[in-house]
Every structure is written in structure tokens, then in C-alpha cells.
Amino acid sequence: MSNLDSNSSHIYAKKSLGQNFLRSTKALREIVEAADLSATDTVIEIGPGEGVLTAELLKKAANVIAIEKDDRLIPVLKEKFAADIQSGKFNLIHSDILEIKLSDLVKAGEFKVVANIPYYITGLLLPLILSGSTQPSKAVFLVQKEVADRIAARDNKQSILSMSVKVYGTPKVIAKVPRGAFVPAPNVDSAIIEIANISKNFFKTISEDQFFATLKKGFAHKRKLLKGNLGLSDQEMTEAGLSPKARAEDITLDDWKKLTELISTK
């Protein structure tokens, strides 16, 4: 673990913003490697914090656009990256990522997203980044380990979250990051998750809104059979190639597409 640099030694993590500053050089290296950056890449970094990860991204990418909400960190980042700001390689935006349109900053497919996400906005941020009209070519997130495992469905049990990610890209858990890698240390471990092959190709033949309406309805009551949640008969389930006893957590993305098509024609 590295120590605080002189510019940020007076900054304390804000609990209200879910801040945990990353200190592990190993984790930093794994995040940057997962992003697979080239000298022509544009990176959007969400929540640069003290700029520890930012410095590594600037070494590899053509330019970095960092979005930081915390007022206290703006002067720290401006001082630390003054030369990169002057050269145009680093663009610091003082704002809340949940209130920004990526389409105002970059073109679809021509950027990557890298972020150490506060746990409490993970569920809001992932859909925002993946489902927008302007999608990144790849995203690398540092999230709570339990969330990363749920996205990747490591227990082979799907969830609304895992399906909401897989419908846009291919998730892969890269590495576990122990709680001791952060200051202050959170109560849980984290993990680096990569989402590659991001697109909306899945929705070429079905409505995006209809798909998510079907998905949410299917997961509404986890203990119930899927047919009950969706109001389908045994025969309709069989016609969709599914067992009448199937549950939402057990079926595949392609199965959800078939169900969406079936329900949209009823």
C-alpha cells in the first residue's frame, strides 16, 4: 500500500459520499490492465478522489475526463494535475455523475469508463453507464465483492442486476480487492469487474422497455414460479422452451428474450 501524497494528506473521506480512497498499488495496476488502454483512448473516470488512479490512467490513455462531486477535492486535483489540465490531456468536471449526460462529453463507442464506485450508487450508476444512448466500448468498475459476484452470477443464480448488465455486455470478475486496500477500510471486500463488448445489439428484435418490464415482473416474487409472476400458462411456458416449474433466477438471457417476445404478442 502506498502512502498519502502531500497534496491530499488533509483530505478525509466523506461517509455521506461513500468515499473509500484506494491505496493498493496492486489493485491500481489490475484496474488499469483490465481497462486495456491504448495511447488513443479517452477515459471517463468517475470519482477520481485524490487522483491516485487518475495518475495511472494518464500514463496510458490519450486523455482523461474525471467527474468529481466533492468540492474539497477539486483544488487538490487541479493542483496535482495542473500540467495535464494545461496541455488538454486532463479535463476535470465538478459535478455529480448521476446528473451528467455522457453524450455531452464523448461519442458512443469512442471511450472507456473506469470507476471506483461508492457502494450506495452502484445500482443507479451501472444502468446509467450501460444503457445510455452513448455507450462506452468497455467499463471497469471497483465495486463491493458481493455485487461483483451477483453481476457475474458466480453461483449460477441470476438476478435483475446480473441480467441488466449482461443484456448490454460481458461481465467478468478480474480480482478481489481486500478491505485493507482502502482508507478508511470499508466493512466488506471489493472486486474489480470488467464489462466488455458493450452494445445494444440484444435489442435489435425486441423492445428495450418491454424486456425490462418483463424482467422486473418475473423477479417480482422470487419464491413464486416464473409462470405465476408473468401470468403465463404451462402451455405458453413450454412453447417458449421453458419448464412450467422454472424460476426467474434459473433462466438465461435468451430465455428472457423469448418470454419478452411471447408477452408482447399476447
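Preceding block: the structure.
It should be emphasised that the depicted structure is a prediction, and the values quoted were computed from it without experimental measurement.

Caption draft 1: A look at the nonpolar core. In terms of nonpolar packing, the biggest core is built from 54 residues, with Ile44, Phe141, Phe211, Trp256 and Leu259 touching the most fellow members. Grouped together as the second largest cluster of nonpolar side chains are 29 residues, Val43, Leu92, Leu142 and Val177 included.

Caption draft 2: A look at the packing of aromatic side chains. Counted according to the given criterion, the structure contains nine aromatic pairs. With 5.3 Å between their ring centres and 85 degrees between their planes, Phe202 and Phe203 make a pair best called edge-to-face. Taking relative accessible area as the criterion, Phe202 reaches 12% and is therefore assigned buried. Among the residues examined, Phe203 registers a relative accessible area of 11% and is labelled buried. Consider the rings of Phe203 and Phe212, whose centres lie 6.3 Å apart with planes at 35 degrees: the pair is tilted. Phe212 sits in the buried class, given a relative accessible area of 17%.

Caption draft 3: Inspection of the sheet that holds strand β9 (residues 190-196) at higher detail. The strand order across the open sheet formed by seven strands is β4-β3-β2-β5-β6-β9-β7, and the pairing between neighbours is mixed. On the outer flanks of this sheet lie β4 (90-94) and β7 (170-177), each paired with one strand and no other. The sheet shows a mean angle of 20 degrees between the axes of neighbouring strands, direction not considered. Across the sheet, helix α2 (residues 52-60) touches β2 (42-46), β3 (63-68), β4 and β5 (112-116), and the angle it forms with β2 is around 175 degrees. Strands in contact with helix α6 (residues 145-152) are β6 (138-144), β7 and β9; relative to β6, the strand with the most contacts, it is inclined by about 130 degrees.

About the cut-offs
Each chain carries its own residue numbering, running from 1 in the direction its sequence is written. Given that the model is predicted, a residue must reach a pLDDT of at least 70 before its local features are reported, and side-chain atom pairs must reach 80 or more before they are shown or counted; all residues, however, enter totals for whole chains, interfaces and linings. Excluded from the side-chain calculations are hydrogens and water; all other atoms, namely the structure's heavy atoms, are used. To qualify as a nonpolar core, a set must consist of buried Ala, Val, Leu, Ile, Met, Phe, Trp, Tyr and Cys residues joined through side-chain atoms within 4.5 Å. Exposure is judged per residue with a 1.4 Å probe applied to protein chains only, and the accessible area is read against the type maximum: over 50% gives exposed, under 20% gives buried, and values in between give partly exposed. The rule is short: rings of Phe, Tyr and Trp, with Trp giving its six-membered ring, pair when the centres are within 6.5 Å, and they are stacked under 30 degrees, edge-to-face over 60, tilted in between. Paired strands, in this sense, are two strands between which DSSP finds at least two bridges. To qualify as a helix, a DSSP run of H or I must reach at least 4 residues; to qualify as a strand, a run of E must reach at least 2; elements of each kind are numbered from the N terminus. Only the stretch in contact is used when a helix axis is fitted, and all axes are lines through C-alpha atoms; the angle between N-to-C directions ranges over 0 to 180 degrees. The contact definition used throughout considers only heavy atoms, calling two residues in contact when any of these lie within 4.5 Å.

Without other data, these values stay purely geometric and don't point to any function.
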